[in-house]
Amino acid sequence: MAVSAADDIDSIDLDVAYGPSGIKGLFKAKTILRLSLFASLGGFLFGYDQGVISGVLVMPSFERQFPRIGGDGDLQGWVVSILQLGAFIGAIMNGPIADRISRRYSISLGSALFLVGSTLQAAAVNNAMMFIGRFISGLALGQISMVVPLWIGEIASPNVRGSAVTLQQLAIAVGIMVSFWLDYATQYIGGTGANQSQAAWRLPFIIRLIPTSILLIGSYTILPFSPRWLVKVGREEEALDTLARLRNLPRDHPIVQAEILQVKTGARFDEITLLEKFPNARTTFQRTCQQYGELFSQKHLAKRLFVACFMQALSQFIGINAIIYYAPKMFQAIGLQGNSIPLLATGVVGIINVLATVPAVGIVDNFGRRSVLIAGITGMAVSHFIIATLYAVFENKWIQNQSAGWIAAFFVWFFIFNFAYSVGCIGWIYPSEIFPIGVRSQAMGIAIATNWLSNFIIGLVSPIMLNSIRYGTFYFFFGVAMIFFFWVLFFLPETRGVPMEEMDKLWGGNEGKECAERMERIREELKNEAGSQATYAKAMALELEYPDEC
């Protein structure tokens, strides 16, 4: 649909058309802020589930009900890791699902599954119910962790897209914090010892049914379809209406018209790219297989895929989720005694995680990915080394040296602080930047699956390591941190300020040139559809959807 008056677009200062960027711009874009916050309930559920299990595992009433899972039970690692295994499968499966039924209804499906899994865990009376509930919840979290950032990124305007997506990471941190402190509160139901009520561990599982139900209902009543998905499936008028509501502007406003034109350009670009690159693919399945194959057969793409997956693996093997899942057990191991003190110390982990995540967006954009990673990893390496050394020296005499235990606890908190502002955010930002559009969704799917698979392994082996090699666990994490440090220092390119179509300059290949030529052909076609040469020129100058993502 053409803009009615070219003069309207001519009067726009394109540099300030959407207002300020970052957090300031997000607070001005109230509709995007409200919808992003609501969708980030998915991140809250993700974080809540990560945190809640750590406190539940050490509750006496849970240990009595599930002796092979609670305490030092031989199935403890599996009850944590079965969720990651489900999430691995859910993330892999959800790409085609989100394309088929929409991002919006994919959130609905994930919420419904999480409701089922949470109910089974809250009502569990045997190991089988607990394991089945954990696995179903994992399927749901795999879906949600993949689709919520995707949906937020597609509805947000360019100036606030990064900040809006970061709300997902902040919500994860808030979910972890809330679950830690809820565990600390509910442990007192019936007492903290042998008389503790089963409500102490069932209530945290029951409470999460509330935000899950809200997200499920809101995905139908509050969240709109992604305008880009609507264009992709041919519902262009509905896409225009949705985009106008998201921007709080009339349908015929020049900004709305320019942006919808860009979205159409992107949809056509995707279609032509697939036809030109894979002319022999007769079915969608064949085309998808060829796209995945390209990631491994082309050297520059394989290099990017290795970097994305290696970063995801290291972000887990550096020990973050071992601490999130088993924090109370770790605090007990380093000498913090009593039923309540380890949970209290764990609650502080949640608070620090949230506070350190808030400024991450500005830090990353101001100082670059490499500098922030190097600073954060250095802090994490120092933390692990000091914890391991204190553990080795005072392992059998914590009671006589309680101050050493609190020093070790401080460095657990210092580790969390350094992770939250660095690897916690950049571990997701970096892989999303480096791939060409033709294979980006497939590559991100593999990277996310690598994260969940690594998470699965860490969740499984961490209790075994804590019981067998004890302080050696932290020396192991220290070793991983040093590998991470030198890899970033010597091998990881800086991507700050590099447009996506120019990533080939860092990684090799000619995807950027091919994209530019293909985009130019599409632009020529759109000249006849835009209504006027002036409208077309201004619309293409608004880098809203694709040129910088080519």
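Basis of the calculations
Residues numbered from 1 in each chain as written. Predicted model: local features only at pLDDT ≥ 70, side-chain atom pairs only at ≥ 80, totals over all residues. Heavy atoms only, no water. pLDDT = per-residue confidence, 0-100. Contact = heavy atoms within 4.5 Å. Salt bridge = Lys/Arg side-chain N within 4 Å of Asp/Glu carboxyl O. Helix = DSSP H or I, 4+ residues; strand = E, 2+ residues; numbered from the N terminus. Buried < 20%, exposed > 50% of the residue type's maximum accessible area, 1.4 Å probe, protein only. Core = buried A, V, L, I, M, F, W, Y, C linked by side-chain atoms within 4.5 Å. Patch = residues over 30% accessible without salt bridge, like charges linked within 9 Å, V, L, I, M, F, W, Y side chains within 5 Å. Areas by Shrake-Rupley, 256 points an atom, 1.4 Å probe, with all protein chains shown as cover. Axes fitted to C-alpha atoms, helices over the stretch in contact; angles between N-to-C directions. Parallel < 35°, antiparallel > 145°, perpendicular 65-115°, else oblique. Nonpolar A, V, L, I, M, F, W, Y, C, P; charged D, E, K, R; others polar. Polar contact = N/O pair within 3.5 Å; in protein donor to acceptor, adjacent residues only side chain to side chain. Phe/Tyr/Trp six-rings, centres within 6.5 Å; stacked < 30°, edge-to-face > 60°. Lys NZ or Arg CZ within 6 Å of the ring centre and 35° of its normal.

Colleague: What am I meant to see in the confidence of the model for the protein here?
Modeller: Averaged over every residue, the pLDDT of the protein is 81; the share at 70 or more is 82%. Within the model, pLDDT remains below 50 along residues 9–15, and this stretch shows 12 contacts once partners closer than five positions in the same chain are excluded. Low pLDDT, under 50, characterises residues 532–537; the predicted model gives this stretch 13 contacts beyond four residues in sequence or across chains.

Colleague: I keep staring at the pattern of salt bridges and nothing clicks. Help me out?
Modeller: Side chains that differ in sign of charge can pair as their charged atoms come close. All chains considered together, the criterion is met by 11 salt bridges. Across the pair Asp-49 and Arg-134 runs a salt bridge, and its minimum N-O distance is 3.1 Å. Taken together, the positions of Asp-49 in helix α4 (residues 41–56) and Arg-134 in helix α8 (residues 127–155) put the pair 85 residues apart, joining distant regions of the chain. In this structure, Arg-247 engages Glu-259 in a salt bridge whose closest nitrogen and oxygen atoms are separated by 2.7 Å. Placement of Arg-247 in helix α13 (residues 236–247) and of Glu-259 in helix α14 (residues 254–277) is noted, with a sequence separation of 12 residues between them. The pair formed by Arg-247 and Glu-259 is uniform in burial state, with each residue classed as buried. Members of the salt-bridge network, linked through shared partners, are Asp-99, Arg-103, Glu-154, Arg-228 and Lys-232.

Colleague: Would you mind showing me how to read unusual backbone geometry here?
Modeller: Negative phi values dominate among residues other than glycine, just as trans dominates among peptide bonds. Phi at Ser-102 is positive, roughly 100°, even though this residue is not glycine. Phi is positive for Arg-470, close to 50°, though the residue is something other than glycine. Looking at the secondary structure, you find Arg-470 in the loop between α23 (440–468) and α24 (472–491).

Colleague: Explain the nonpolar core to me, please; I cannot follow it from the model alone.
Modeller: Nonpolar side chains tend to gather and get buried jointly when the protein is soluble and globular. The biggest cluster of nonpolar side chains holds 117 residues, and the ones touching the most others in it are Ile-32, Phe-62, Ile-69, Met-130, Ile-377 and Phe-484. Each residue touching Phe-62, except ones within four places of it in the same chain, is listed here: Val-56, Leu-57, Ile-69, Gly-70, Met-130 and Trp-201. Residues Phe-225, Leu-230, Leu-240 and Leu-243 belong to the second largest nonpolar core, which totals 11 residues.

Colleague: Quick question: what am I supposed to make of a nonpolar patch on the surface here?
Modeller: On the surface, Phe-486, Leu-489, Phe-490 and Phe-491 cluster together to form a nonpolar patch covering roughly 450 Å² of accessible area. Mapped onto the elements of the fold, Phe-491 is located in helix α24.

Colleague: Quick question: what am I supposed to make of the packing of helix α15 (residues 284–297) against α23 here?
Modeller: Working note: a packed helix pair is described by the angle between its axes plus the distance between those axes. Orientation of α15 relative to α23, taken along the N-to-C sense of each, is 70°, at an axis distance of 9 Å. Judged by the inter-axis angle, α15 sits roughly perpendicular to α23. Contact residues: α15 offers Gln-291, Tyr-292, Leu-295 and Phe-296, while α23 offers Gln-442, Ala-443 and Ile-446. Grouping the amino acids of the contact of α15 with α23 by side-chain chemistry returns five nonpolar, two polar and no charged.

Colleague: Quick question: what am I supposed to make of the side chain of Arg-134 here?
Modeller: In this structure Arg-134 comes out as buried when scored by relative accessible area, which is 0%. Polar side-chain contacts of Arg-134 include one of 3.1 Å to the side chain of Asp-49. Those residues in contact with Arg-134, other than ones at most four positions away along the chain, are Asp-49, Ile-53, Val-79, Val-80, Ile-82, Leu-83 and Gln-121.

Colleague: Teacher, can you tell me more about the packing of aromatic side chains here?
Modeller: One pair of aromatic rings is described through two measures. These are the centre distance and the angle between the planes. What the rule picks out here adds up to 29 aromatic pairs. Ring geometry for Tyr-391 and Tyr-471: centres 6.2 Å apart, planes at 65°, overall edge-to-face. One end of the pair, Tyr-391, is in helix α20 (residues 369–394); the other, Tyr-471, is in the loop between α23 and α24, and 80 residues separate them in sequence. Of the residues examined, Tyr-471 reaches a relative accessible area of 29% and is grouped as partly exposed. Ring geometry for Tyr-471 versus Tyr-475: centroids 6.2 Å apart, planes at 85°, classification edge-to-face. What makes Tyr-475 partly exposed here is its relative accessible area of 31%. A network of ring pairs unites the aromatic residues Phe-385, Tyr-391, Tyr-471, Phe-474, Tyr-475 and Phe-478 as a single cluster. The ring of Phe-225 carries the charged tip of Arg-104 above its face, separated from the ring centre by 4.6 Å.

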